[in-house]
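Structural overview for review
Listed here are the chains, written in short residue letters.
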Amino acid sequence: MGCGVAGDLLHLQLDIAIDEVVIEASASLKERAVLVKTGTSLAQRTADSLDLLRNSGIDLAQDAIETGHQDRREGEVRIGG
């Protein structure tokens with residue numbers, strides 16, 4: 001009789017262990033899903049920003065080449081008097 005009770009409890013312990021593994025795996029998958037969604041969202045925002053720049057007429061390469069053109073003028077020196 002004692003063996004039957006121990007066998008029944010072993011079965012329950014095995015069920016609990018399996019439930020814990022499934023729950024842990026499920027939580028891990030949810031964390032991965034959040035990371036994928038975050039990465040997808042970041043990629044979409046980047047693409048939207050690039051589309052906005054293209055549609056606004058801003059040429060990033062040309063603007064980078066011509067930066068500082070306002071600093072090439074002659075300076076004025078004022079003498080107080």
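No experiment lies behind these values; they were computed from the predicted model shown.

Take the overall build of the protein next. Scanning the protein from terminus to terminus reveals two helices and zero strands. Sorting the 81 residues of the protein into buried and exposed places 0% on the buried side. A total of about 7800 Å² of accessible surface is found on the protein, and carbon and sulfur atoms cover 61% of it.

Attention now moves to a nonpolar patch on the surface. There is a patch of nonpolar side chains on the surface, built from Leu14, Ile18 and Val22 and spanning about 280 Å² of accessible area. By the element assignment, Val22 lies in helix H1 (residues 2-56). You can call Val22 exposed: its relative accessible area is 52%.

Scoring rules and cut-offs
All residue numbers refer to position in the chain's written sequence, counted from 1. With the structure being a predicted model, the display of local features is reserved for residues of pLDDT at least 70 and the display and counting of side-chain atom pairs for 80 or more, all residues being used for whole-chain, interface and lining totals. Note: side-chain values were computed over all heavy atoms of the structure, leaving out hydrogens and water. Numbering of helices and strands runs from the N terminus, with a helix taken as a DSSP run of H or I at least four residues long and a strand as a DSSP run of E at least two residues long. Here the term buried applies to any residue with accessible area under 20% of the maximum for its type, exposed to any over 50%, and partly exposed to those in between, with areas from a 1.4 Å probe on protein chains only. Using a 1.4 Å probe, the Shrake-Rupley method yields the accessible areas, and only the shown protein chains count as cover for residues. Residues enter patches when they are more than 30% accessible in relative terms and free of salt bridges; like-charged ones are connected within 9 Å and nonpolar ones (Val, Leu, Ile, Met, Phe, Trp, Tyr) within 5 Å. A carboxyl oxygen of Asp or Glu within 4 Å of a side-chain nitrogen of Lys or Arg is what we treat as a salt bridge.

The values are spatial; any link to function lies outside them.
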